Amino acid sequence: MIKKVLKFGGTSVGTIDRIQHVANIIKKEQGSNNRIIAIVSAMSGKTNELIKLSKNISNDFNKREYDVLLSSGEQVTCALLAGALINIGVKAKSWMNWQIPILTKGEHSNSRIINLSTEKIDDFLKDNGVAIIPGFQGISENGDVTTIGRGGSDATAVALAKIFKADICEIYTDVDGVYSTDPTKIPVAKKIDNISFDEMLELSSLGAKVMQSSAVQTAMMYDIPLEVKSTFTNRKGTKIFNQENIDYSKSVTGVAYSKDDAKVSILGVEDRPGIAANIFEPLSKSQINVDMVIQNISSDQKITDLTFTIKRDELSKTISILENNKQIKYQKIVHNDKVSKVSIVGAGMVSTPGITYKMFRALSDEKINILAISTSEIKLSVIIDETNTLKAIRKLHTTFDLD
Ligand code: ADP
Ligand code: ASP
Ligand code: MG
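Predicted model only: the values in this text are computed from it and were never measured.

**Observations concerning the overall build of the chain**
A count of helices and strands for the chain gives 11 helices and 20 strands. Here the C-alpha radius of gyration of the chain, 23 Å, is about what a compact globule of 403 residues would show, namely 22 Å. Projecting the C-alpha coordinates of the chain onto the three principal axes gives extents of approximately 80 × 50 × 35 Å. Within the chain, buried positions represent 51% of all 403 residues.

Below is the structure:
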């Protein structure tokens with residue numbers, strides 16, 4: 001007998017037919033003598049629809065009520081799936097975040113799961129029941145409903161796999177695994193059979209939304225093996241685990257992209273010690289995460305230009321902090337939110353020289369201008385004009401033998 005956490009994403013539970021299909025998958029899994037905890041997302045599009053409703057009232061909708069609103073999407077799916085299971089003769093029961101309770105810490109919309117009580121659910125599992133639990137949410141120490149960030153049902157699944165000491169955590173979704181790049185955008189993308197936690201963490205943090213990055217981080221920290229597989233086909237999925245014998249035969253494992261960055265340049269800023277600290281300290285105090293930074297060498301040693309990137313939805317806050325910063329003198333601030341970040345990721349990059357040059361050459365062959373660069377041991381990211389995103393991914397995918 002093994003204990004499994006199965007997570008079903010939005011598309012997998014997007015219609016009544018699909019919920020019934022998921023119920024059949026669970027019935028089959030349980031029938032093979034397994035104990036099943038199912039984590040569900042809201043039906044596809046639901047969370048976005050709820051966000052839109054809140055925006056119709058205010059762009060600054062009350063944070064507590066925002067989480068109450070957003071958490072409702074998963075409640076609907078829980079009840080429908082439990083009902084569908086009962087309807088086909090499987091003992092099943094849904095629990096809401098506050099009934100368990102799933103305890104979280106941190107601010108609204110961005111909390112993290114710290115603990116939950118397992119006793120009632122474990123008893124139900126032992127009694128051949130299937131437990132259905134909402135992803136993406138919890139309650140705070142003072143009893144308020146919280147949510148844990150977009151795509152957060154992945155993180156719920158991993159946290160529950162850890163707390164319930166599950167043998168495996170399976171992520172059921174609308175693609176049949178992790179691919180070398182987004183297969184819905186680049187059809188020649190190839191499925192990866194096995195991938196290390198490190199590479200998956202880079203890919204997901206750089207935009208591959210097939211797994212949420214904080215979920216991968218938790219899985220890596222507690223060594224919880226994951227499998228990403230399709231709800232709609234029986235094809236073998238992708239195993240994500242702590243790979244000790246990584247295959248270094250390929251320098252690059254995947255190409256990821258995101259369109260949620262923005263670039264800010266401060267032109268003609270005084271060039272003297274402490275200026276970078278004066279610029280970035282107030283941003284960091286306001287929880288704005290600066291990603292890449294480029295400072296030009298000033299020709300006259302008096303003024304310079306400084307460019308950095310941030311998340312796009314923090315652009316207006318960033319500009320207003322800069323404009324109100326009395327510690328810095330500059331000529332002009334310019335910004336561009338029509339940029340995207342394209343990255344190559346691969347554990348094999350560590351031991352292969354010339355990857356950087358190869359990436360830059362490939363982009364220049366396509367006449368794509370690089371606006372900013374950042375590197376780490378196993379990734380290389382560039383900021384480019386948003387209109388060139390697909391062209392860049394296609395070119396890099398071919399250049400690094402991934403087609
Ligand atoms: P779910 O609703 O099941 O959580 P998501 O939409 O969050 O599903 O994630 C699955 C999607 O991730 C796919 O439909 C695909 O478009 C996208 N994706 C991006 N990069 C990749 C990749 N490298 N491999 C597979 N899917 C990817
Ligand atoms: N429903 C939430 C979202 O759309 C959580 C999830 O699907 O993982 O972000
Ligand atoms: Mg997801």
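**Details of the nonpolar core**
A general feature of soluble globular proteins is that nonpolar side chains tend to end up buried together. Ranked by internal contacts, the top residues of the largest apolar core, which has 43 residues, are Cys169, Met211, Leu226 and Ile240. Take this core: its biggest share by element is 7 residues, from helix α5 (residues 153-163). Counting 23 residues, the second largest nonpolar core, distinct from the first, contains Ile25, Cys78, Val90 and Ala92.

**So, helix α8 (residues 275-285)**
Helical geometry: 3.6 residues make up each α-helical turn, so side chains three or four residues apart lie on a common side. When we look at burial in α8, the residues that qualify are Ile275, Asn278, Ile279, Phe280 and Leu283. Gln287 lies just past α8 and shows a positive phi near 65 degrees.

**A few points about the site of ligand 2**
Within the structure, ligand 2 sits among Ser41, Ala42, Thr47, Glu74, Phe136, Arg150, Gly151, Gly152 and Ser153. At 2.8 Å from a nitrogen atom of ligand 2 is found a side-chain nitrogen or oxygen belonging to Thr47. Within the side chain of Glu74, one N or O atom sits 2.7 Å away from a nitrogen atom of ligand 2. When isolated, ligand 2 has an accessible area of 260 Å², and the protein chains bury 87% of it. Here the residues of the shell around ligand 2 sort into 2 nonpolar, 5 polar and 2 charged.

**Focus: a positive patch on the surface**
A grouping of Arg150, Lys185, Lys209 and Lys259 is seen on the molecular surface, where their side chains present a positively charged patch. Tracing the backbone shows Lys185 in the loop between β9 (168-173) and β10 (194-196).

**A look at the side chain of Asn34**
With respect to the helices and strands, Asn34 occurs in strand β2 (residues 34-40). On the basis of relative accessible area, Asn34 is assigned to the buried category, the value being 11%. Among the polar contacts made by the side chain of Asn34, one reaches the main-chain carbonyl oxygen of Glu29 at a distance of 3.0 Å. In this structure, Asn34 is in contact with Ile2, Lys4 and Glu29, ignoring residues within four places of it in sequence.

The rules we used
- Residues numbered from 1 in each chain as written.
- Chains lettered and ligands numbered in written order.
- Predicted model: local features only at pLDDT ≥ 70, side-chain atom pairs only at ≥ 80, totals over all residues.
- Heavy atoms only, no water.
- Helix = DSSP H or I, 4+ residues; strand = E, 2+ residues; numbered from the N terminus.
- Rg over C-alpha atoms; globule rule 2.2 N^0.38 Å.
- Buried < 20%, exposed > 50% of the residue type's maximum accessible area, 1.4 Å probe, protein only.
- Core = buried A, V, L, I, M, F, W, Y, C linked by side-chain atoms within 4.5 Å.
- Near = heavy atom within 4 Å.
- Polar contact = N/O pair within 3.5 Å; in protein donor to acceptor, adjacent residues only side chain to side chain.
- Areas by Shrake-Rupley, 256 points an atom, 1.4 Å probe, with all protein chains shown as cover.
- Nonpolar A, V, L, I, M, F, W, Y, C, P; charged D, E, K, R; others polar.
- Patch = residues over 30% accessible without salt bridge, like charges linked within 9 Å, V, L, I, M, F, W, Y side chains within 5 Å.
- Salt bridge = Lys/Arg side-chain N within 4 Å of Asp/Glu carboxyl O.
- Lys, Arg positive; Asp, Glu negative; His and termini not counted.
- Charge placed at Lys NZ, Arg CZ, Asp CG, Glu CD.
- Contact = heavy atoms within 4.5 Å.

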